[in-house]
Amino acid sequence: MPSKSTTKRSSSERRWIYDVFLSFRGTDTRTVFISHLYNSLTTAGIYVFKDNEELRKGGQISSLIMQAIQVSRISIVVFSKNYANSKSCLKELQKIMDCRRTIGQVVVPVFYNVEPTDVRNQKGAFGRSFQDLKKIISKEKAQLWGNALREAANLSGFHLNNSRNESEDINKIIETITDSLDNTILFVAQHPVGVQPRAQHVIKLLNYQQSKDVMLLGILGIGGIGKTTIAKAIYNQINRHFESCCFLSNIREFWEQSATSQVHLQERLLSDVYRTTKIKIHSIESGIFILQQRLRHKRTLVILDDVDKIEQLKALCGSREWFGPGSRIIITTRDEHLLKLLQVDHISRMPEMDQDESIQHFSWHAFKQPSPREDLDQLSRNVVAYCGGLPLALEVIGSFLFDKKVREWESVVEKLKRIPNDQVQRKLRISFDNLSDDTEKEIFLDIAFFFIGMDRNDVIHILDEFDAEIGISVLVDRSLVTVDNNNKLGMHDLLRDMGREIVREKSPKEPEERSRLWLQKDVLHVLSNSMGTKAIEGLTLKLPAITKSSVHLEAKMFQKMKRLRLLQLAGVQLNGNFEDLPKHLRWLHWHDCYLKYIPSNFDQANLVSIELEFSSLKFVWKEAKFMEKLKVLNLNHSHNLTKTPDFSYLPNLEKLLLKDCSRLSAISDTIGHLKRILLINLEDCTSLGNLPRSIYKLESLNTLLISGCSMIDKLEEDLEQMKSLVTLIADKTAITQVPFSIVRSKSIGYVSLCGYEGFSRDVFPSLIWSWMSPSNDLSSMVQASSSSSAVIPFDLPKLRSLWVECDSDLQLNGGVARILATLFAAYNKELEATPTTSQVLMNNIKGSEIFDLRNQSQISGSPKCLVIEVGMKSQVTKVLKDIILQGLMTTANEFEDDWFLKSDNKYWLTFGSKGSSVVFEVPSVNGCNLKAVTLCILYSSSSECLKNVLIINYTKSTIQVYKQDTLASLEDEEGRSITSHLEPGNKVEILVVGYKSIVKRTTIFLIYDEPVDQYADVIVSSDKCIISCDNNDTEVDEYSSVSSGGHDRAKKKCSCFHWCWR
């Protein structure tokens, strides 16, 4: 037998695979105690071997189990009533005790509902089970196993006999195991519900096994959300992968004690990293220098828990340069601003527990089991709802309710509605107390009482006396307030209750002395007894429908509330002289206001926001008053409202909300005076006629909502004057004609005009196509377009580009016809205002890829040429351009049909045709990629009037329309979007459109990145197609090249529409 010292040396030098081996009798303990113990051990980061029944066959113990025992640092033996009746268990025990003697394995016995003396002496129920086994085994085995039982029972362990607090016992076991593992493992939680997935999420962000960079990560959340618990779980799971590690807990608490405690934190950090207690630091400043010098030499895991001041970070981890490659630093905090200052790589926000997690976590503390008792199930769910997924609250309140009767539960639940749990509040209040500015505290309290769910910008206006924009940002950083994707303010229910309790506890017995009132009985008590005081700054009274008629209040009840800023009423009937209402009101929220109009003797000079939803107002003010501070006027659902106020008296109004004012028939022309307006909501104003012309003068307006205004049938061209308009929503209106000015607008980002009855999209349902098509009858459209440009709702030539995707030949062919008809109608209009000088086109063309041969030849009648390159420019495209120009200059006086064949370059394929249209099939060229397309157009004209190029892909059923100068000015990457759309086998037509010109020949060059010898002489020619448009002499083909290009397909609706404009 080795000596004690030898045994210790063997133990310390041995490489263990498992931290703990669990030996137990499954039929006695597996489903409850062992499962709980195993989960707690693994959550604490302890690597446990727990066998399963498949490893035991016919009472035989597998070799795998024997090996697991031998490579485990600690064995926990759980003795239960039937443990000694199992051959497998006793074989395990014999092996465990052998390993204790030979390799120094630590053995921890747990006596689960059995007495240690019964195990030691094999007596009682435990002894009887062993006697039963002895009948079927040899005397030698019986003696050997009896000795092992005796030896194990003499060891120090844990006695759990009908324990009422099994969780606490398991906690003690884990603490003992942790101590035996040299304190490298931290206790996480008795009931680690939801810990593992949250820890794994953060571990993935750390990427500690791949990246060698130093990484800083913040774990952010309100108090009691579980930040420290998750940090401990992470530490336990990954610390073994670092050279050194340190977990500094409760930094906020230590920092507040003294300067000595601050220095001690630095000493602890360095001592843990270098595993020594000999390092002494004399001051914060010297500690910073020492940490900078010493930490950089090791790959370290450091967790800084509960940081709340930037000075703490400067003293403990000034920057990532302090640490060695591959180090990971985790900071838990409630203050996002600190993490931003430190420039952390990731911020992980801790979410609340979901419903299932909350019930399980609460039940472990309230019932010592994972689910509620049946008779307390609903009350449990009420408490869980109150806790709002906050682990601390679930734990504290659950523990408080443990072993209490139903009547006591009901009393506690009722009390929580009025007075929050003190222990939870103390934890949450830390963040509030640490706010450095009193105005930030006031903003928090105002939000807690009045503004949860309100628009952040509205609240900033209402509370601008507190510099609320900065204050709210601070509260968000401190995790006291949230702002969602819709810019609405939010707050955890327990934080809300904490804020209300802060106000209540200052005057628990005299509500009139509190700064804010919200409990109905307190408010009614103060008002009905005229006990209002100047202490009251905010008041909420919301009466249920059944009490509305029975409660009548007088305005004079508010007379003594001189500092009242915020007033929220619902279902309240307020009578008397409104002159008695406080003069410093900034926010009036009166839901279901019964007044026909706001009394003129009500002083509203300081009001910033008036919210009178579901009011009985017929008009707002009988006598208009100048209200310079008013920013928000909300009259939504005021069904009796017939007219709007004189807006010239509201110069700073930013929000006008008139949704569902069903009797409102007109908007005052004075709306044009609102120079600061941002949002107008007129949704579902079903009696409202067309908008006043003055509304289009609102250059500041950002959002206009008129959906459901079924009598509005048009929007004016003046819409383009609304230079800030970003969002226009006009569903379910009578609009049948949309002004082109919407397209000209440079500000609009989202337009919705879909869904209202009567809007035609039988052929092309796209909204933009409907602008082009006021009628589904093609002939009437062409006729109307030719005769009167005023009815053309869409000025297509002003678009830079248009891309239509169709799903049938009928759509494709009809679409091309409509585009051409629209273009020609627009050209006719343009002719009236177009100068005859030949400089018109060149003045509009800036791209270097467009050439005019007029300057090369002064001979009258000589052809003119446009050369447009699209795609990736290269030496080949340059050569081609030179060849084209050279050929044109040599044939300027004598036009030759085949001039474009005279090049022997094999990098391009040529397709040409007389007239303005070329139809060709894109060839399949093995090993070659299409890089560019060059378009060469020969035409004769007295003025340069080639305007648009259409690319029609019959195979893909797409139409692309480009202004010719836009096509020429495309960058290489933009051009690639065109060339990449031309795939082998595609049947394509390229069509040039203009007026007062005759296109003599159109040639297309497909340019590849490799020689294409086998296709060098491919040419496609077609009959002459002249497309011109002149009022005196118009010859238009019957679009033969268009109508002949389709393939039979099933009729479908147009599925996609892309456009862009200048």
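Predicted, not measured: the structure shown is a model, and the values here were computed from it.

A. A look at the packing of helix α21 (residues 438-451) against helix α23 (residues 468-477). At their nearest, the axes of α21 and α23 sit 9 Å apart, and the two run at 80° to each other. Judged by the angle between their axes, α21 and α23 are roughly perpendicular. Only Ala468, Gly471, Ile472, Val474 and Leu475 of α23 make contact with α21, whose side of the interface consists of Glu440, Ile443, Phe444 and Ile447. Among the residues making up the contact of α21 with α23, the classes are represented as 7 nonpolar, 1 polar and 1 charged.

B. Region of interest: the packing of helix α17 (residues 377-387) against helix α19 (residues 406-418). α19 packs onto α17 with a crossing angle of 25° between their chain directions and a minimal axis gap of 10 Å. In this view, α17 runs roughly parallel relative to α19, as classed from their interaxial angle. Here α17 runs over α19; the crossing is left-handed. Counted together, Leu379, Ser380, Asn382, Val383 and Tyr386 of α17 and Val406, Trp409, Glu410, Val413 and Leu416 of α19 form the full contact between these two elements. Looking at the contact of α17 with α19 residue by residue, the class counts come to 7 nonpolar, 2 polar and 1 charged.

C. Summary view of the environment of Leu313. Mapped onto the elements, Leu313 comes out in helix α14 (residues 310-316). With a relative accessible area of 2%, Leu313 lands in the buried category. Each C-alpha atom of the pair Leu313 and Leu342 lies 7.9 Å from the other, and the pair is 29 residues apart in sequence. Apart from residues lying up to four places away in sequence, Leu313 is in contact with Leu304, Val307, Gly318, Ile331, Leu338 and Leu342.

D. Expanded view of the pairing of strand β1 (residues 18-23). With respect to burial, β1 is a largely interior element, 6 of its 6 residues being buried. Of the pairings in the sheet, the one linking β1 to strand β2 (residues 48-50) comprises 3 bridges and is parallel in character. Among the inter-strand pairings, Val20 is bridged to a residue of β2, identified as Val48.

E. The arrangement of the pattern of salt bridges in detail. Considering all chains together, one arrives at 35 salt bridges under this definition. Across the pair Asp477 and Lys340 runs a salt bridge whose closest N-O atoms are separated by 3.7 Å. You can see Asp477 sitting in helix α23 and its partner Lys340 sitting in helix α15 (residues 336-342), a full 137 residues away along the chain. Since its relative accessible area comes to 12%, Asp477 is described here as buried.

F. Representation of unusual backbone geometry in the model. Phi is positive for Asp306, close to 65°, though the residue is something other than glycine. Here Asp306 lies in strand β10 (residues 300-307). Judged by its relative accessible area of 11%, Asp306 falls in the buried class. Residue Ser530 is not a glycine yet carries a positive backbone phi of 50°. Following the sequence through the fold, Ser530 ends up in the loop between α25 (520-528) and β16 (538-542). Residue Ser530 is classed as partly exposed on the basis of its relative accessible area of 36%.

G. Here's a closer look at the environment of Asn457. Considering the arrangement of structural elements, one finds Asn457 in helix α22 (residues 456-462). For the pair Asn457 and Glu469, spaced 12 residues apart in the sequence, the C-alpha separation amounts to 8.2 Å.

H. A look at the sheet that holds strand β25 (residues 703-705). Spatially, the 11 strands line up as an open sheet ordered β15-β16-β18-β20-β21-β22-β23-β24-β25-β26-β27, and their pairing is parallel. The sheet is open, and its two edges are formed by β15 (516-517) and β27 (750-752), each paired on a single side. Of the strands in this sheet, β15 and β16 touch α25, which is tilted by about 110° from β16.

I. Expanded view of helix α10 (residues 227-238). With 12 residues, α10 extends 17 Å from end C-alpha to end C-alpha; this agrees with the ideal 16 Å at 1.5 Å per step. For α10, the set of buried residues is Lys227, Ile230, Ala231, Ala233, Ile234, Tyr235, Asn236 and Ile238.

J. Inspection of the sheet that holds strand β11 (residues 328-333) at higher detail. A sheet is described by the order of its strands in space; here 5 strands give the open sequence β9-β10-β11-β8-β12, paired in parallel fashion. Edge positions in the open sheet fall to β9 (244-248) and β12 (346-349), since each of these has one partner strand only. If you compare each strand with its neighbour and ignore which way they point, the axes differ by 15° on average. Both β9 and β10 contribute to a ladder of 5 bridges, which runs parallel. Its bridge partner lying in β10, Cys245 is registered against Leu301. With respect to the sheet, α10 is in contact with β8 (215-220), β9, β10 and β11, its orientation differing from that of β9 by roughly 165°.

K. Seen up close, the packing of aromatic side chains. Within the structure shown, the criterion is met by 22 aromatic pairs. Between Phe450 and Phe451, the ring centres sit 6.1 Å apart and the planes meet at 55°, which makes this aromatic pair tilted. For the pair Phe450 and Phe451, a shared accessibility class is recorded, and that class is buried. Residues Phe450 and Trp587 carry aromatic rings whose centres are separated by 6.1 Å and whose planes lie at 70° to one another, so their mutual orientation is edge-to-face. Taken together, the residues Phe450 in helix α21 and Trp587 in strand β20 (residues 587-591) connect sequence positions 137 residues apart. Take Phe450: its relative accessible area is 5%, and that puts it in the buried class. Positioned above the aromatic ring of Trp518, the side-chain terminus of Arg500 is 4.2 Å from the ring centre.

L. Just the confidence of the model for the chain, in detail. Residue-level pLDDT values for the chain average 79, and 79% of them are 70 or greater. A low-confidence stretch, residues 1-13 (pLDDT under 50), is modelled with 11 contacts involving residues beyond four sequence positions or located in other chains. Low confidence marks residues 834-860, where pLDDT is under 50. Its contacts with residues over four positions away, or in another chain, come to 49 contacts.

The rules behind the values
- Residues numbered from 1 in each chain as written.
- Predicted model: local features only at pLDDT ≥ 70, side-chain atom pairs only at ≥ 80, totals over all residues.
- Heavy atoms only, no water.
- Axes fitted to C-alpha atoms, helices over the stretch in contact; angles between N-to-C directions.
- Helix = DSSP H or I, 4+ residues; strand = E, 2+ residues; numbered from the N terminus.
- Parallel < 35°, antiparallel > 145°, perpendicular 65-115°, else oblique.
- Contact = heavy atoms within 4.5 Å.
- Nonpolar A, V, L, I, M, F, W, Y, C, P; charged D, E, K, R; others polar.
- Left-handed = near helix turned anticlockwise from the far one by under 90°.
- Buried < 20%, exposed > 50% of the residue type's maximum accessible area, 1.4 Å probe, protein only.
- Pairing = 2+ DSSP bridges.
- Salt bridge = Lys/Arg side-chain N within 4 Å of Asp/Glu carboxyl O.
- Expected span 1.5 Å × (residues − 1).
- Phe/Tyr/Trp six-rings, centres within 6.5 Å; stacked < 30°, edge-to-face > 60°.
- Lys NZ or Arg CZ within 6 Å of the ring centre and 35° of its normal.
- pLDDT = per-residue confidence, 0-100.

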